[in-house]
Amino acid sequence: RQPLLTVQGLKKHFPIRGGIFGRVSARVRAVDGISFAVRKGETLGIVGESGCGKSTVARLLMRLIMPDAGEQIFDGDAVGERGGISVAEMRRQVQMVFQDSASSLNPRMPVQNSIAFGPIALGTRQAEAIGMARELLVKVGLNPALFGGRYPHELSGGQKQRINIARALAMKPRMIILDEAVSALDKSVEAQVLNLLQALKRDLNLTYIFISHDLGVVRWISDRVMVMYLGEVVEIGPADALYASPRHPYTRALLASRPALDPDQRREEAPVSGDPPNPINPPAGCRFHTRCPHAEAVCSARAPMLSAGGDDAHLAACHMQDPSSGHSQALRH
Ligand code: SF4
Ligand code: MG
């Protein structure tokens, strides 16, 4: 399948200012030169611990913050460049749904007006936009006669997330970036919203980037998964392959950190322990070497590149990966 979105070398370091002159005293290397593609019609999951840069990636893609470097191609057009697609048009075609459903809706506006707001701002007549908003309420499983005139405080968390999804759909997007979009919901409500997202994706030919700390949810919804650690991509591949035979020790540790479904299940990898190092001054070489049970001398000396090891759809950045066994083993040349 063709890529809908491609990024090359995306980078954002946030300056930290200190002292009486407010000089830049340090930089948080939030996203440190990452490259990936999202194919038309797929869901790309992005996982990692908090602070790994996954939300910053979303904000960079939307240009809510400006990248320091990186090239972004949307459906063949360079974003924000001469002869390419404008940031404004990209932002219409790529919508975002966040976790915090309460604060993203205007508390003083009936929800159908919130859904109609974007199209009205783009020139759609009020009556037409409200009509469309009411159709979208049906699409997200809410009766417009019951819910259209309600205010956000009169809705449950799941209903508010349905409104946010409708608000995104009102812009007729091609892609939706979901950043912890179901993370605040109860498990049963979460499952309903995930099912809704899957149905909408099929009906409307959407492409998703699904960002979450919840590995189980990401596995369920994603076609491919990208694992981030301290601003870098450490592994990317088809969801089935990545969960069945993770290649990067960090991915294996993350998977081992999940509560086991079967308590007798033997763990081959220790769960990830402690907190990630400070992204202001990440470890040299492989950034995971301070927490990696398989680290050797080369790991702190050289940064591993994302490499395929025989399967170019499934990549990991580890000096020790051996794709055939799923166990760590030094590659010797
Ligand atoms: Fe561990 Fe070394 Fe692989 Fe990094 S490169 S994940 S430290 S084995
Ligand atoms: Mg986040």
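What counts, and at which threshold
Residues numbered from 1 in each chain as written. Chains lettered and ligands numbered in written order. Predicted model: local features only at pLDDT ≥ 70, side-chain atom pairs only at ≥ 80, totals over all residues. UniProt positions renumbered as here; feature names shortened; annotations may be inferred. Near = placed C-beta within 6 Å. Nonpolar A, V, L, I, M, F, W, Y, C, P; charged D, E, K, R; others polar. Pairing = 2+ DSSP bridges. Helix = DSSP H or I, 4+ residues; strand = E, 2+ residues; numbered from the N terminus.

As recorded in an unreviewed UniProt entry, the protein goes by the name Glutathione import ATP-binding protein GsiA, listed as coming from Plastoroseomonas hellenica. UniProt, in its Subunit (unreviewed entry) section for the protein, records the words "The complex is composed of two ATP-binding proteins (GsiA), two transmembrane proteins (GsiC and GsiD) and a solute-binding protein (GsiB)." Taken directly from UniProt, the Function (unreviewed entry) text for the protein runs: "Part of the ABC transporter complex GsiABCD involved in glutathione import. Responsible for energy coupling to the transport system."

## Let's talk about the site of ligand 1
Around ligand 1, a shell composed of 14 residues is seen, among which C286, H289, C292, C299 and C318 lie nearest. Its residues assigned to classes, the shell around ligand 1 comprises nine nonpolar, five polar and no charged.

## Looking at the sheet that holds strand β3 (residues 43-47)
As summarised here, the arrangement of the seven strands in space is β6-β7-β8-β3-β9-β10-β11, forming an open sheet in which the pairing is mixed. Looking along the sheet, the strands with just one partner apiece sit at the ends: β6 (94-98) and β11 (315-316). With five bridges joining them, β6 and strand β7 (residues 175-179) adopt parallel strand pairing. When the bridges of β7 are listed, V94 appears paired with M175.

## Observations regarding the sheet that holds strand β1 (residues 3-18)
The sheet built from four strands is open, its strands ordered β2-β1-β4-β5 with antiparallel pairing. In this open sheet, the two strands that pair with only one neighbour each are β2 (23-39) and β5 (77-78). Where β1 and strand β4 (residues 69-74) come together, five bridges link them in antiparallel fashion. Directly across from L5, in β4, lies its bridge partner F74.

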